[in-house]
Amino acid sequence: MSDDERFQLLHGRLAIPWPGLPSPPAHWKISSGRVPGIPRLDIPDLAETDASLGIINPFGLREGDVATALPAGQALAATFNAKLAHDSGVMLGAEARAKGFNVLLGGGLNLARDFYCGRNFEYLGEDPLLAGVLAGESVRGSQSQGVIATVKHYSLNVQETLRDTLDARIDETAHRESDLLAFQIAIERGQPGAVMGAYNRINGEHASSNAHLLTSVLKQDWGYPGWVMSDWGAVHSVESFNAGLDQQSGATLDRQIWFDGPLREELAAGRVSRARLSDAVRRILRSVYAAGADRPLEESAIDYVAHAQVARAIAAQGMVLLKNDGVLPLSDAGAGPVLVVGGQAHIGVLAGYGSSMVTPVCGVAASIPVGAPSGFGQRSRQVYFASSPMEALRNALPHRQFSYDSGYFPQTTAARAAHASLVIVFATQWQGESMDADSLTLPQGQDALIAAIAQANPNTLVVLQTGNPVRMPWLKQVRAVLQAWYPGQEGGAAIADVLSGRVNPSGRLPVTFPLAESQAPRARAPGLGAPDGKSLTVNYFEGSDVGYRWYAKHGLRPLFAFGHGLSYTHFKHLGLKLALEGNTLVARFEVENIGERLGADVPQLYLVEAAGQPVRRLVGFERVELQPGERRAVQMTIDVRLLARWEGEGWSQHAGRYRFALGRSALKIGRRVGIVLPQRTLPP
Ligand code: BGC
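The model shown is predicted, which means the values in this text are computed figures rather than measured ones.

Chemist: What is the right way to read the overall build of the protein from this model?
Modeler: Counting its regular elements, the protein contains 16 helices and 32 strands. For 684 residues, the compact-globule estimate of 2.2 N^0.38 gives 26 Å, and the C-alpha radius of gyration of the protein, at 25 Å, lies within 12% of that figure. Taking the principal axes of the C-alpha coordinates as reference, the protein spans close to 80 × 60 × 45 Å. By residue count, 64% of the 684 residues in the protein fall in the buried class.

Okay, structure coming up:
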């Protein structure tokens, strides 16, 4: 390779026409980014597309191009179903390839440390094992289709406010045991071709130039063989290259194309070594060939019908029944009219906003300009996918009558509600990239609306489409609450499936729902409302006690705990036993469906005491589908890192008694079972 060819691979360009930037070449397909290949050497272009929740069509600029729009990442996390994560990855990889892309900018797994992060809906919840396993499986699925998948945003991009300037401070032990562990598990399991750095600083240094994270941790400690790409507009100097960043993405968005002219000068001046140059190029090419991304891209037909089944399965399995006094599942015959209120439920379901937003196969039912003050937000549109829950309910319950009320005039709505036999309120909270929530309260007076309706008609239930947890001051007044997240292009049908009982709900919360802001480590996004560019330090003092671990440690009772979720049947857990087999700790137990319906349980195994110290940590989970009366043996192998502490050079499992319990949530745990484990150390 010539040096010109090498440098060409080290920076990509935005492939979207952008105000103030040179237009991308006319023959490029509009997409998030592109790195031209080298035809002389048969090195393909790297054609990059965002793909966290489907193959996006940026701002709809590829006219008429649609894709399968998956539910929010949180919904996938709520399924606790690794196989489904793999299926969704396969689907994403296949659609990407058929549309002419070979690099997926997907696999967001920043831990949901804070209830307000605008991008939590793209991610996989608050637990490193759950997020790591699901992200890894999704990557593995995608790469089986001959495309490169990415995990992002490495690391601690856990709020959107001031994401470019924010300095996330965290102690090394805490970082290794939480956010870094999620990435480590995902990388081991999925072997993603690329890792995308974050925008923010970590302990003083921007992610894109953080030698500790990029080189010492990722490449040396974990032996990661792939390449590190930057986020778009996240590179601030040429020094990032020696710190371990291999590729400057969307380089036209940065102040300079650092990884071209300035990097050539560094090489000439001897400040960058030839070995490092070769290393970066080799990492990119290794991933291209390892994933089979060099296979020619031929645009081909997509089986959208089959792919819709994946979207529907995630939506249905990811819905979490938070409360049910017996009103659900809804009966069809012999029951009176139903009033459906709010959330545009007569036409569609809400989508989250930002670089993950897909133009769905089902079409868009409404696209409302919202006009956020800055960033992506300026082009903000609140989008509803054309998948109407009310229409789907009509089909599922043909003997009932349905009518819709917008809820814009609460008194009128309450008066109508009084005449219905049942009211279903669709409450929404719109979240997205570059926008953090300002509180746990449902916006636009929806709490007052729900309370007024429930007062007028006690036979009221609530379906939530939110990107984050919300408070529910009306919880005692309503009969049932279903958390549907942003349910994707099949969302309407999936909501009807669960409400009507065609599908027995099995989702479990992948995040804690606080009772009030004051319970959380931070009650409000630091810097919220400050102008872009302001510097800000956020100290993640809770360390690795993210989410439920924080609540367990401080004895706090949240509104709903991590892992909570109801079913229309009941399950029993029996005979938990632990055994050390060689070096491997194995848990065995049985799960029985003791109710009258087919259903799926998600037994969760928690570590509750480690070498005499109380802890709370998810160490295993499985989704088990059972016929009524069926009993099944489950086996879980426990990752030592979940039992150990990070101690400077590696992991240490201290000798002593370890206790475990099966939980119905992180706070509702069963009988504790102990085992004595020896001292053990493990490399990073
Ligand atoms: C986002 C990334 C995304 C990139 C390219 C950035 O704003 O943070 O997640 O992959 O844009 O669209």
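Okay, back to it.
Chemist: Can you help me understand the nonpolar core in this one?
Modeler: The nonpolar side chains of soluble globular proteins are, as a tendency, buried together. One finds Leu10, Tyr154, Ile424, Leu464, Met472, Leu499 and Phe660 to be the most contacted residues of the largest nonpolar core, which totals 212 residues. Counting eight residues, the second-largest nonpolar core is a separate cluster that includes Leu440, Ala525, Trp550 and Tyr551.

Chemist: Can you help me understand the domain arrangement of the protein in this one?
Modeler: Many structure descriptions define interface size as the accessible area lost when the parts assemble. Split into domains, the protein comes out as domain 1 (3–291), domain 2 (329–500) and domain 3 (571–682). Distance from the C-alpha centre of domain 2 to the C-alpha centre of domain 3: 37 Å.

Chemist: How should I be thinking about the environment of Gly141 in this particular structure?
Modeler: Along the polypeptide, Gly141 turns up in helix H4 (residues 128–143). Sequence-wise, Gly141 and His86 are 55 residues apart; in three dimensions their C-alpha atoms are separated by 4.7 Å. Those residues in contact with Gly141, other than ones at most four positions away along the chain, are His86, Gly89 and Val90.

Chemist: Whenever I open this one, the site of the ligand confuses me. Can you help?
Modeler: Around the ligand sit 14 residues, and of these Asp50, Arg119, His153, Asp231 and Glu433 come closest. In the model, an oxygen atom of the ligand is placed 2.7 Å from a nitrogen or oxygen of the Arg119 side chain. Within the side chain of Tyr199, a nitrogen or oxygen atom sits 3.0 Å from an oxygen atom of the ligand. In isolation the ligand offers 310 Å² of accessible surface; the protein chains occlude 95% of this area. Taken together, the residues that form the shell around the ligand break down as five nonpolar, three polar and six charged. Counting only domains with at least three residues in the shell around the ligand, you end up with domain 1 (3–291) and domain 2 (329–500).

Chemist: I keep staring at the environment of Leu166 and nothing clicks. Help me out?
Modeler: The topology assignment puts Leu166 in strand E6 (residues 166–169). Using a relative accessible area of 3% as the deciding quantity, one classes Leu166 as buried. With 134 residues separating them in the primary sequence, Leu166 and Ser300 have C-alpha atoms 43 Å apart.

Chemist: Even after reading the chapter, I still don't get the sheet that holds strand E15 (residues 381–385), so can you show me in this structure?
Modeler: Strand pairing in a sheet takes place through backbone hydrogen bonds and is either antiparallel or parallel in direction. With respect to topology, three strands assemble into an open sheet ordered E13-E15-E14, the strand pairing being antiparallel. Looking at strand neighbours, the two that pair on one side only are strand E13 (349–350) and strand E14 (364–369), the edges of this open sheet. In the sheet, E14 pairs with E15 via five bridges, with the strands oriented antiparallel. Paired with Ile368 across the strands is Gln382, a residue of E15.

Chemist: Looking at this structure, how should I read the sheet that holds strand E30 (residues 656–663)?
Modeler: The four strands lie next to each other as E25-E24-E30-E31, forming an open sheet whose pairing is antiparallel. Edge positions in the open sheet fall to strand E25 (613–621) and strand E31 (673–677), since each of these has one partner strand only. The average angle at which neighbouring strand axes cross in this sheet is 30°, direction not considered.

Chemist: So what exactly am I meant to see when it comes to helix H10 (residues 274–291) here?
Modeler: Helix length check: H10 (18 residues) gives 26 Å between terminal C-alpha atoms against 26 Å at 1.5 Å per residue, within 8%. Residues of H10 that are buried include every one of Arg276, Leu277, Ala280, Val281, Arg283, Ile284, Leu285, Ser287, Val288 and Ala291, and no others. Count one or two residues on from H10 and you reach Gly292, which has phi positive near 75°.

Chemist: Looking at this structure, I do not really get the UniProt feature "domain: Fibronectin type III-like" (unreviewed entry) in the protein. What am I missing?
Modeler: The residues that UniProt annotates with the feature "domain: Fibronectin type III-like" (unreviewed entry) are residues 601–666. The span residues 601–666 shows a helical share of 0% and a strand share of 65%, and its end C-alpha atoms are spaced 15 Å apart.

Chemist: Could you clarify how one ought to interpret the packing of H4 against helix H6 (residues 179–190) in this entry?
Modeler: A pair of packed helices is characterised by two quantities: the angle between their axes and the separation of those axes. In contact at an axis separation of 7 Å, H4 and H6 are set at 30° when each is read in the N-to-C sense. Between H4 and H6, the interaxial angle falls into the category roughly parallel. Taken as a pair, H4 and H6 cross one another with a handedness that is right-handed. For the pair formed by H4 and H6, the contact residues are Pro128, Leu129, Gly132, Val133, Ala135, Gly136, Glu137, Val139, Arg140 and Gln143 on the first element and Leu181, Ala182, Ile185, Ala186, Arg189 and Gly190 on the second. Of the residues belonging to the contact of H4 with H6, the class tally is nine nonpolar, four polar and three charged.

Parameters and conventions
Residues numbered from 1 in each chain as written. Predicted model: local features only at pLDDT ≥ 70, side-chain atom pairs only at ≥ 80, totals over all residues. Heavy atoms only, no water. Helix = DSSP H or I, 4+ residues; strand = E, 2+ residues; numbered from the N terminus. Rg over C-alpha atoms; globule rule 2.2 N^0.38 Å. Buried < 20%, exposed > 50% of the residue type's maximum accessible area, 1.4 Å probe, protein only. Core = buried A, V, L, I, M, F, W, Y, C linked by side-chain atoms within 4.5 Å. Domains from an automatic or database assignment. Contact = heavy atoms within 4.5 Å. Near = heavy atom within 4 Å. Polar contact = N/O pair within 3.5 Å; in protein donor to acceptor, adjacent residues only side chain to side chain. Areas by Shrake-Rupley, 256 points an atom, 1.4 Å probe, with all protein chains shown as cover. Nonpolar A, V, L, I, M, F, W, Y, C, P; charged D, E, K, R; others polar. Pairing = 2+ DSSP bridges. Axes fitted to C-alpha atoms, helices over the stretch in contact; angles between N-to-C directions. Expected span 1.5 Å × (residues − 1). UniProt positions renumbered as here; feature names shortened; annotations may be inferred. Parallel < 35°, antiparallel > 145°, perpendicular 65-115°, else oblique. Left-handed = near helix turned anticlockwise from the far one by under 90°.

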